[in-house]
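# Fold and geometry: a report
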Amino acid sequence: MPISPEQEALEAQKDAQEVHRYAVWGLLPENANTRIKKVMEALREEFGGPEIEPHITIVGSCLMTEDEAIGSFRDGCNSVKQIYCKVENFETSKFYFQCLSLVMEITEDLKAQTRWFAGCMNRPFPAMPHLSLLYGSLTDEEKKRAKEKVLAMDESIAGLTFLLSRMALYRVNFADRTQKSWEKILEGHLRVN
């Protein structure tokens with residue numbers, strides 16, 4: 001039985017008032033996005049894991065209603081200027097969501113802008129800015145092979161630079177490692193200086 005427009009509106013209003021977990025991601029410019037996606041696809045083919053939208057985690061997790069999250073996200077986008085990013089390091093981790101990541105160089109600008117955005121989202125501190133290439137639970141040997149594969153495909157990836165000008169607000173559920181329930185709520189542009 002189809003849902004009436006009135007019922008749909010009531011469901012949307014109810015959803016906007018419930019508390020959910022949100023994250024803010026910095027979206028890569030097209031040239032960097034294409035380059036990173038190619039590497040991510042090759043890693044997934046060999047090691048598995050969910051398909052990930054290439055992003056830099058800015059704010060990792062906040063509990064809010066959808067209305068609060070949207071308002072805070074818009075405040076952040078209107079307050080924070082575009083951020084110059086440079087990959088400083090390429091590392092593996094025991095954490096599922098950071099199994100294989102590019103870590104950003106922590107400049108004063110990056111620190112200030114991400115801290116400000118985190119404050120807008122009512123978080124005392126931002127996430128460690130990183131770009132996960134693969135989500136998974138790999139053995140140390142598999143991580144070593146994955147790292148070698150990345151460097152064989154793109155040896156200069158550890159020096160990648162780009163300007164972060166767009167952000168995305170996602171509703172996330174960390175229990176869902178497939179990310180199928182994760183939902184992009186809104187995109188926004190950062191201020192041009």
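Scroll up for the structure.
### Brief notes about the overall build of the chain
Counting secondary structure elements, the chain contains five helices and eight strands. Sequence-ordered secondary structure for the chain, helices as α and strands as β, is α-β-α-β-α-β-β-α-β-α-β-β-β. The C-alpha atoms of the chain give 18 Å as radius of gyration, which agrees with the globular expectation for 193 residues (16 Å, within 12%). The principal-axis extents of the C-alpha atoms in the chain amount to approximately 55 × 45 × 30 Å.

### Observations regarding the sheet that holds strand E3 (residues 83-92)
An order of E5-E4-E3-E6 is seen for the four strands of this open sheet, with the pairing classed as antiparallel. For this open sheet the edge positions go to strand E5 (130-134) and strand E6 (161-164), each flanked by a neighbour on one side alone. On average, adjacent strands in this sheet sit at an angle of 35° to one another, irrespective of strand direction. The pairing of strand E4 (residues 100-104) with E5 spans four bridges and is classified as antiparallel.

### So, the environment of Asn-33
Looking at the element boundaries, Asn-33 is found in helix H2 (residues 30-47). For Asn-33 and Leu-63, which are 30 residues apart along the polypeptide, the C-alpha to C-alpha distance reads 28 Å. Setting aside chain neighbours within four positions, we find Asn-33 in contact with Leu-28, Glu-53 and Pro-54.

### Thoughts on the nonpolar core
Ranked by size, the top nonpolar core spans 56 residues in total, and within it Phe-117, Leu-133 and Met-167 carry the most contacts. Broken down by element, this core gets its largest block of residues, six residues, from H2.

### Focus on the sheet that holds strand E2 (residues 55-65)
The four strands are arranged E2-E1-E7-E8 in an open sheet whose pairing can be described as antiparallel. Each having just a single partner strand, E2 and strand E8 (183-189) make up the two edges of the open sheet. Neighbour to neighbour, the strand axes of the sheet diverge by 25° on average, direction disregarded. Pairing of strand E1 (residues 19-27) with strand E7 (residues 166-172), which is carried by seven bridges, proceeds in the antiparallel orientation. Bridge pairing in E7 links Trp-25 to Ala-168.

### Looking at the side chain of Gln-82
Topologically, Gln-82 is positioned in the loop between helix H3 (66-79) and E3. Using a relative accessible area of 18% as the deciding quantity, one classes Gln-82 as buried. If we ignore the near neighbours within four places in the chain, the residues touching Gln-82 are Asp-109, Leu-163, Leu-164, Ser-165, Leu-190, Arg-191 and Val-192.

### Points about the pairing of E2
Counting buried residues in E2 gives nine out of 11 residues, a clear majority hidden from the surface. Relative to E2, E1 is paired through eight bridges, and the arrangement is antiparallel. Directly across from Tyr-22, in E2, lies its bridge partner Cys-62.

### Points about H2
Helix length check: H2 (18 residues) gives 25 Å between terminal C-alpha atoms against 26 Å at 1.5 Å per residue, within 8%. When H2 is considered as a whole, its buried residues turn out to be Ala-32, Asn-33, Ile-36, Val-39, Met-40, Ala-42, Leu-43 and Phe-47. Along its buried surface, H2 packs onto E4, E5, helix H5 (140-153) and E6.

### Considerations on the packing of H2 against H5
Two elements in contact, H2 and H5, have axes separated by 10 Å at closest approach and are oriented at 145°. Along this stretch, H2 crosses H5, giving a crossing that reads as right-handed. Residues Lys-38, Val-39, Ala-42, Leu-43, Glu-46 and Phe-47 of H2 touch H5, and the partners they reach there are Glu-142, Arg-145, Ala-146, Lys-149, Val-150 and Met-153. Within the contact of H2 with H5, the residues separate by chemical class into seven nonpolar, no polar and five charged.

Rules of the game
- Residues numbered from 1 in each chain as written.
- Predicted model: local features only at pLDDT ≥ 70, side-chain atom pairs only at ≥ 80, totals over all residues.
- Heavy atoms only, no water.
- Helix = DSSP H or I, 4+ residues; strand = E, 2+ residues; numbered from the N terminus.
- Rg over C-alpha atoms; globule rule 2.2 N^0.38 Å.
- Pairing = 2+ DSSP bridges.
- Axes fitted to C-alpha atoms, helices over the stretch in contact; angles between N-to-C directions.
- Contact = heavy atoms within 4.5 Å.
- Core = buried A, V, L, I, M, F, W, Y, C linked by side-chain atoms within 4.5 Å.
- Buried < 20%, exposed > 50% of the residue type's maximum accessible area, 1.4 Å probe, protein only.
- Expected span 1.5 Å × (residues − 1).
- Left-handed = near helix turned anticlockwise from the far one by under 90°.
- Nonpolar A, V, L, I, M, F, W, Y, C, P; charged D, E, K, R; others polar.

Interpretation note: all reported values are geometric properties and have no functional meaning in isolation.
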